[in-house]
Every structure is written in structure tokens, then in C-alpha cells.
Amino acid sequence: MKNKEKKFSRKPIFVLLLPVIEMFVLEYITGHFFSLNNMLNILYRFSMLGLVVIGMSFVILTGGIDFSVGGQIAFSGMLMAILIIRFQFSYAAAFVIATLTGMLIGYLNGSISIDFKIEPSVETFGMMIILNGLVYTISGGHSIIGEGEIFQFWTGESNKIFGAAFLALFIAYSVSKLLLKKTYPGRFLHVVGENFETAEFIGINSRRVKILAYILCSFMMTITATFTIGYSHVATPFSGSEYMSDSLIACCAGGFSLRGGSGRIEGALMAALILVIFDNGMRILGLNQGSTGFVKAVILLGVLVFNFRRKD
């Protein structure tokens, strides 16, 4: 029994050391992994994936899933860009409109899936296709470029976006932990995911809880889209396409059960950091996007198989 306890106590330490080991190995192989520009790039990409992971975790806790996150990021970013560039909206006004629109998409994801008894994976996949079609329709299939600091109302300088993105992630993580641990709606997310019928029996409105999860997820996608266009100065029809698979890998590898009811955000964020470092290292080593995507697809398949086979 004591040996088992020691084994479990060492696990968090190993997980914390894994990203450090990963970085030193890549530094030894490449010789320039620890450059300032690369470290800032990792910080930014981890912040973006972390925001998506937090949003996805709300949905997974309730036993759902959202395959439309990439489409939501692309749509929100394109909507903001069009409002700012073509219609001369202020950034703040465009952000508010995109946020409300995104939350409406989250509401539709949840309500359609529940009310029409459609599997969340099927419904959100359909929503992804719809959003991708809308992005190409409103943009004409072209990217929208913003000159100078037009997409950066919160920093004013592009070199401050790294700190702002990480601060947004820290705030999102802190608020999420507070929501899940200290509020009834947050606790209800766990209860509904653990046992839908029991939640209904004790008086919890499971429909509202599930819809809340999708709305929170969509809100996080809008925040991610905001930083995405601020970082790249451009809104593209395919922006955010990699976040769906990466966030799913991070959530599953970080301990979330796709059956719902269990999972820790910090575990998912640690898995996201490991994944970002891996992805960054593969790019530095010159692996093309197809090869990197193949490796991540294998990882995704592996964590999904393990996730469904383990006993919660």
C-alpha cells in the first residue's frame, strides 16, 4: 500500500519535470531552442491553446464535446476583422458583437444537441461545417489584413501581446477554478457529467447546465480569436483549425474523462504545454506540417483509446 502511495506521489513531480526535460532535449538537438523569440512564441501558443483547453474542459465535464471550436475561432476572428476594417467599428464594439455572437453559437450547440437528442460530436461537427462555410462566404475566401496596431487595442504594441495573452490565460484559469470549486453552477457541471439521471432526480436542470458549458466554451473561443488576429495582424478563413485536435489531446492526456464528471484543468494545461513544446520542436527540426499532424493524430488516437478503456 505504501509503495502505491509513493508511486502516486511521484507522478505529479514527473509531470512537472517533463516539459523541462523536453525543452533541454530539444536545446541539445537544435542548439537554439532557448532563444528569446522561440520562448515568447511558446508562451503565446501555450496561452492560446490553454484558453481553448479551458473552454473545452467545461463541455467535457458535462459529458459533451465540441468539434466546432476551430470554426468558432475562425468565424469570430473574421467577424471582428470585417467589422473593424470594412465597417469602421471600434475594436471594443467589434469584440462585444463577436462575443455575443459566439455565445449564441454556444447556446445553439447545447440546445440543439439536447432538445433534438443529437450526439454532441455529430451536432458540433455539423456546426463546424456551417461556421467554415460562413467564414468563406463573408470573407470571399480571402484573408483580411490589419495594418499596424489596428487589431491590438488592449496593448498598443505588438511585443506586449505575449504577456497579455499569458495574463488572460492566468485569469481564465483562476476564474475557472473558482467557478468549479466555489459556485453551484460549477459543481453542477461535475454532477451532470457524473450521472445525468441523478442530477435530474435531485432537481438540477441538466439542460441549463449543459448549455452553460457550451456558452462558456464559445466565450473562450472568442477570447482566443481576439489574440489570434492581434498576434498575426490578419484574419484567415482557416485560423484555429489545429485547436480542436490539440485541445482534445490535452484534455484527454491531462486526465479528463470523455464520459464526463472528472478532470482537472491544471492537468490538461500541463499536457497542453507539453504538446506545444513538442510541436515547436518539430517545426524547428524542419518536419513539415503533414508529418507533425500525423504524429499528433497517432497521439490523439492513443489517448482516446486509453480514455475510453480506463475505469473512471
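Residues numbered from 1 in each chain as written. Predicted model: local features only at pLDDT ≥ 70, side-chain atom pairs only at ≥ 80, totals over all residues. Heavy atoms only, no water.

Here we look at the side chain of N38
Counted only if it meets this: Secondary structure elements are taken from DSSP: a helix is a run of H or I of four residues or more, a strand is a run of E of two residues or more, and numbering for both begins at the N terminus. Throughout, exposure labels follow a simple rule: accessible area from a 1.4 Å probe, protein chains only, divided by the maximum for the residue type, with under 20% read as buried, over 50% as exposed, and the rest as partly exposed. Pairing of N or O atoms within 3.5 Å defines a polar contact, subject to two protein rules: one partner must be a possible hydrogen donor and the other a possible acceptor, and residues neighboring in sequence count only if both atoms are side-chain atoms. Throughout, a residue-residue contact means that at least one pair of heavy atoms, one from each residue, lies within 4.5 Å.
By the secondary structure assignment, N38 is in helix α2 (residues 36–61). Assessed through its relative accessible area of 10%, N38 is described here as buried. A polar side-chain atom of N38 sits 2.8 Å from the main-chain carbonyl oxygen of F33. Excluding residues that lie within four positions of it along the chain, N38 makes contacts with F33, N280 and I284.

Considering the pattern of salt bridges
What counts, and what does not: One side-chain nitrogen of Lys or Arg within 4 Å of one carboxyl oxygen of Asp or Glu is enough to make a salt bridge.
A full pass over the atoms with the stated rule returns six salt bridges. E266 is the partner of R264 in a salt bridge, and the nearest nitrogen-oxygen pair spans 2.5 Å. The shortest N-O distance in the salt bridge between D279 and R283 comes to 3.0 Å. Separated by four residues within a single helix, D279 and R283 lie in helix α11 (residues 265–284), roughly one turn from each other. With relative accessibility at 11%, the residue D279 sits in the buried group.

Some words on the packing of aromatic side chains
What counts here: Stacked, edge-to-face and tilted are the three classes for Phe, Tyr and Trp ring pairs, Trp counted by its six-membered ring, which pair at centre distances within 6.5 Å; planes under 30 degrees apart are stacked, over 60 edge-to-face, the rest tilted.
Overall, the coordinates contain five aromatic pairs when judged by the stated rule. Geometrically, the ring pair formed by F24 and F34 is edge-to-face, given 5.3 Å between the ring centres and 65° between the ring planes. Taken as a pair, F24 in helix α1 (residues 2–30) and F34 in the loop between α1 and α2 lie far apart in primary sequence, 10 residues in all. Judged by relative accessible area, F34 falls into the partly exposed class, the value being 34%. Between F162 and Y231 the ring centres are 6.0 Å apart and the planes differ by 80°, which places this aromatic pair in the edge-to-face class. Of this pair, F162 sits in helix α6 (residues 161–182) while Y231 is found in helix α9 (residues 206–232), placing the two residues 69 residues apart along the sequence. For Y231, a relative accessible area of 28% gives the class partly exposed. Connected via pairs of aromatic rings, a cluster forms that spans F24, F33 and F34.

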